[in-house]
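# Coordinate inspection notes
Listed below are the residues making up each chain.
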Amino acid sequence: MPTVDDILEHIGEFNFFQKQTFFLLALMSVAFTPVYVGIVFLAFTPDHRCLSPGAAELSRRCGWSAAEELNYTVPGPGPAGDAFPRQCRSYAVDWNQSALGCVDPLAGLAANRSHLPLGPCLHGWAYDTPGSSIVTEFNLVCANSWMLDLFQSAVNVGFFIGSVGIGYLADRFGRKLCLLVTILINTASGVLMAVSPNYTWVLIFRLIQGLVSKAGWLIGYIQITEFVGRSYRRTVGIVYQAAFTVGLLLLAGVAYVLPHWRWLQFTVTLPNICFLLYYWCIPESPRWLISQSKNAKAMRILKYIAKKNGKSLPASLQSLRPDEEVDEKLNPSFLDLIRTPQIRKHTLILMYNWFTSSVLYQGLIMHMGLAGSNIYLDFFYSALVEFPAAIIIILTIDRIGRRYPWATSNIVAGAACLASVFIPEDLQWLRVTVSCLGRMGITMAFEMVCLVNAELYPTFIRNLGVLVCSSMCDIGGIITPFLVYRLTDIWHELPLVVFAVVGLVAGALVLLLPETKGKALPETIDEVENMQRPRKNKEKMIYLQVKKLDIPLN
């Protein structure tokens, strides 16, 4: 019985149709970036201080410069380990009293200004930024800073719920339908967020974006890997993720041009509406149709692909029959991910590696704390390091395979974290170099887990398997800030020790997975269960059976 991979070998594994489809889906990968990391620009926290109308009026009357106003009216830094009074506290002084002069006005009230009483910011805050963010508009600072953490957590909670729920729906009702629905909801919620009147509505629409955006990105990844032949799957998977890195670079440029968060959110969201045109451009996955016993529709799509590629489908391949154990429509179930031994092992190891990749990827960025005052350049430079990771994968994965580069990248990331603990503070260049090496290693691991995840599940639960396992990276994204900042309070290098252990364990677990290099995507559960069994044994068994049948005939 011909498989989809057999047919693609005749009609084109990566010809015009696949290239066009890949380009269109890669645009979605670019557009996903603002949802995943847009908080860097949408909710940046600039330097700020308490706003005091009386102090501002005195400054205007006295003709102070900005520096003089700060020096005379804003408290200095607090004691070590204390909150910053200059950002969250103000002098409890009546600035309208006539006794205050223009030269050091507080000198007459106390010999040392540190003895003056401090009070909360009653009139809001003044922010040192030419633009605006969610923080500056809704005053998410000081006592309200937890609301910014909630904003970021809401996105990751949405990622988690959407990955599991929509992953199930995509395997049950098809890739194309779910992709179009996620595009529509993502666009609508993103635009509504840009015009939301208050923080509550911003939070709600951000949560809705999280529910659909990551699921749509992963469905696009599944679709392109199912449209191309086996020899091109790894390349399109890696480049699809590299398109996300292109989105990082573009986001930095757009945010620089549009420093106001509402215009930025509107600009990066509205183009998503164009993706609804994919209804006419991208067909349903023939692999999914076959898994649902819709062979006639699958054959029509394969003929369409052949026509777009300028090929003809041989008559011998124009009949598709389901495999022996797929003689009826298969409905995916969460239990299918743990029901059989090999798939259960795959699920547990993949979930741990998704979790590890997220914790180390985000944690290393937080712990390194990119130096410099230009947020746009810092963001741009940190994105550039991801391109070498993609190049290394492309150069090694087809020669060595998936498993060893993947395990090595995790081990390198863990070892880099451990090495950083012992590098002295005065060797800053070495610390930065090792940190970048760890960032490159975990970036490779992140791309590898997404690539291999799709290759370790049969078709009818492939989308569900990818989205359920990848949901663990959302759990990692939720806890990473607490992991970094809480452990740093105990010992500055303690997070790196935790990252090292987590990364090294992930590398060891990867070695327990089967190699998928050069193998067709599994269509059934039996194919997955037999992935690690040598083919020679099977051939030998058949040979012995034939010999036994020959003996009675003699």
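All of these numbers come straight from a predicted model, not from anything done at the bench.

### Some details on the overall build of the protein chain
Tallying secondary structure elements over the protein chain gives 23 helices and four strands in all. For the protein chain, the exposed surface amounts to about 25,400 Å²; the carbon and sulfur share of it is 65%.

### Topic: the pattern of salt bridges
Counted under the stated rule, the structure contains five salt bridges. Between Arg262 and Glu137 there is a salt bridge, and its shortest N-O distance comes to 2.5 Å. Linking Arg262 in helix α12 (residues 261–269) with Glu137 in helix α7 (residues 134–138), this pair joins segments that are 125 residues apart in sequence. A salt bridge links Asp474 to Lys214; the nearest nitrogen and oxygen atoms lie 3.1 Å apart. With Asp474 in helix α20 (residues 459–490) and Lys214 in helix α10 (residues 199–227), this pair connects stretches of sequence that are 260 residues apart. Residues Asp474 and Lys214 agree in their burial class; the two are buried.

### Some remarks on the packing of aromatic side chains
Taken as a whole and assessed by the stated rule, the structure comprises 22 aromatic pairs. Relative to Phe266, the ring of Trp263 lies with its centre 6.5 Å away and its plane at 90 degrees, an arrangement referred to as edge-to-face. Here the residue Trp263 and the residue Phe266 both occupy positions in helix α12, the gap between them amounting to three residues, near one helical turn. With centroids separated by 5.1 Å and ring planes inclined at 85 degrees, the aromatic side chains of Tyr279 and Trp280 adopt a geometry described as edge-to-face. On the accessibility criterion, Tyr279 (46% relative accessible area) is partly exposed. For Trp280, a relative accessible area of 64% puts it in the exposed group. Here the aromatic cluster, defined as three or more aromatic residues joined through ring pairs, consists of Phe32, Tyr36, Phe159, Trp217, Tyr221, Tyr240 and Phe244. Here the basic side chain of Lys214 rests over the ring of Trp354, its NZ or CZ set 6.0 Å away from the ring centre.

### Details of a nonpolar patch on the surface
Taken together, the side chains of Leu169, Phe173, Leu177, Val181, Leu184, Ile185, Leu270 and Ile273 define a hydrophobic patch exposed on the protein surface, amounting to about 670 Å² of accessible area. Looking at the nonpolar patch, the element that brings in the most residues is helix α9 (residues 175–194), giving four residues. Among the secondary structure elements, Val181 is positioned in helix α9.

### Details of the nonpolar core
If you look at the biggest cluster of nonpolar residues, it comprises 132 residues, and the most contacted ones within it are Ile134 and Trp406. Residue contributions to this core peak at 13 residues, all from α10. Two domains share this core, each providing at least three of its residues, namely domain 1 (1–52 + 127–322) and domain 2 (333–530). Dropping the residues within four chain positions of it, Trp406 is found in contact with Leu350, Asn353, Ala445, Met448, Val449, Val452, Val510 and Leu513. In terms of nonpolar packing, the next biggest core, distinct from the first, is built from eleven residues, Leu58, Tyr72, Leu100 and Leu106 among them.

### Let's talk about the state of the cysteines
Note on terminology: disulfide describes a covalent bond linking the sulfur atoms of two cysteines. Applying the stated criterion to the full structure yields two disulfides. A sulfur-sulfur distance of 1.6 Å marks the disulfide that ties Cys50 to Cys121. Between Cys50 and Cys121, the S-S torsion sits near -45 degrees, and that sign places the bridge as left-handed. Of this pair, Cys50 sits in strand β1 (residues 48–50) while Cys121 sits in the loop between β3 (118–120) and β4 (125–127), and the two are 71 residues apart along the sequence. Accessibility classification places Cys50 together with Cys121 in one group, the buried group. Across the disulfide from Cys88 sits Cys142; the S-S distance is 2.0 Å. With the S-S dihedral at roughly -95 degrees, the linkage between Cys88 and Cys142 falls on the left-handed side. One end of the pair, Cys88, is in helix α6 (residues 85–88); the other, Cys142, is in the loop between α7 and α8 (146–173), and 54 residues separate them in sequence. Looking at Cys88, the relative accessible area reads 22%, which means it is partly exposed.

### Things to note about unusual backbone geometry
The backbone of Asn139 shows a phi angle near 55 degrees, a positive value even though the residue is not glycine. For Asn139, the position within the fold is in the loop between α7 and α8. At Ser293, a position not held by glycine, the phi torsion is positive, near 65 degrees. The topology assignment puts Ser293 in the loop between α13 (286–291) and α14 (295–308).

### Re the confidence of the model for the protein chain
When pLDDT is averaged across the protein chain, the result is 80; 86% of the residues are at 70 or more. Looking at the elements of the protein chain, mean pLDDT is at its lowest for helix α23 (residues 535–553), recorded as 43, and at its highest for α12, recorded as 95. Here residues 535–554 scores under 50 on pLDDT; set against residues more than four positions off or in separate chains, the count is zero contacts.

### Some points on helix α18 (residues 403–422)
Residues separated by three or four positions in an α-helix point in the same direction, a consequence of the helix having 3.6 residues per turn. If you check α18, its first and last C-alpha atoms are 30 Å apart, about what 20 residues at 1.5 Å a residue would give, namely 28 Å. What α18 keeps buried is the set Arg403, Pro405, Trp406, Ala407, Ser409, Asn410, Ala413, Gly414, Ala416, Cys417, Ser420 and Val421.

### Examining the environment of Thr459
Inspection of the secondary structure assignment puts Thr459 in helix α20. Through-space distance from the C-alpha of Thr459 to that of Asp171 is 8.7 Å; in sequence the pair is 288 residues apart. Apart from residues no more than four positions distant in its own chain, Thr459 is found in contact with Asp171, Arg175, Glu226, Arg287, Trp288, Ser291, Pro522 and Glu523.

### A look at the side chain of Arg287
Tracing the sequence through the fold places Arg287 in helix α13. In this structure Arg287 touches Val4, Asp5, Leu8, Glu226, Val228, Thr459, Arg462, Leu521 and Glu523, once residues within four positions along its chain are discounted.

### Section: the packing of helix α16 (residues 375–384) against helix α17 (residues 386–400)
At their nearest, the axes of α16 and α17 sit 4 Å apart, and the two run at 10 degrees to each other. Classified by the angle between their axes, α16 and α17 sit roughly parallel to one another. Between α16, through Ser382, Ala383 and Leu384, and α17, the contact on the second element is made entirely by Glu386, Phe387 and Pro388. Of the residues assigned to the contact of α16 with α17, the class counts are four nonpolar, one polar and one charged.

### A few points about the environment of Gln362
Here Gln362 shows up in helix α15 (residues 341–368). C-alpha separation for the pair Gln362 and Gly476, spaced 114 residues apart in sequence, amounts to 8.9 Å.

### What about the environment of Arg462?
Locating Arg462 in the fold gives a position in helix α20. When sequence neighbours within four positions are dropped, the list of residues in contact with Arg462 reads Asp171, Arg175, Ile222, Glu226, Arg287, Ala454, Tyr457, Leu521 and Pro522.

Cut-off values and rules
Residues numbered from 1 in each chain as written. Predicted model: local features only at pLDDT ≥ 70, side-chain atom pairs only at ≥ 80, totals over all residues. Heavy atoms only, no water. Helix = DSSP H or I, 4+ residues; strand = E, 2+ residues; numbered from the N terminus. Areas by Shrake-Rupley, 256 points an atom, 1.4 Å probe, with all protein chains shown as cover. Salt bridge = Lys/Arg side-chain N within 4 Å of Asp/Glu carboxyl O. Buried < 20%, exposed > 50% of the residue type's maximum accessible area, 1.4 Å probe, protein only. Phe/Tyr/Trp six-rings, centres within 6.5 Å; stacked < 30°, edge-to-face > 60°. Lys NZ or Arg CZ within 6 Å of the ring centre and 35° of its normal. Patch = residues over 30% accessible without salt bridge, like charges linked within 9 Å, V, L, I, M, F, W, Y side chains within 5 Å. Core = buried A, V, L, I, M, F, W, Y, C linked by side-chain atoms within 4.5 Å. Domains from an automatic or database assignment. Contact = heavy atoms within 4.5 Å. Disulfide = S-S within 2.5 Å. pLDDT = per-residue confidence, 0-100. Expected span 1.5 Å × (residues − 1). Axes fitted to C-alpha atoms, helices over the stretch in contact; angles between N-to-C directions. Parallel < 35°, antiparallel > 145°, perpendicular 65-115°, else oblique. Nonpolar A, V, L, I, M, F, W, Y, C, P; charged D, E, K, R; others polar.

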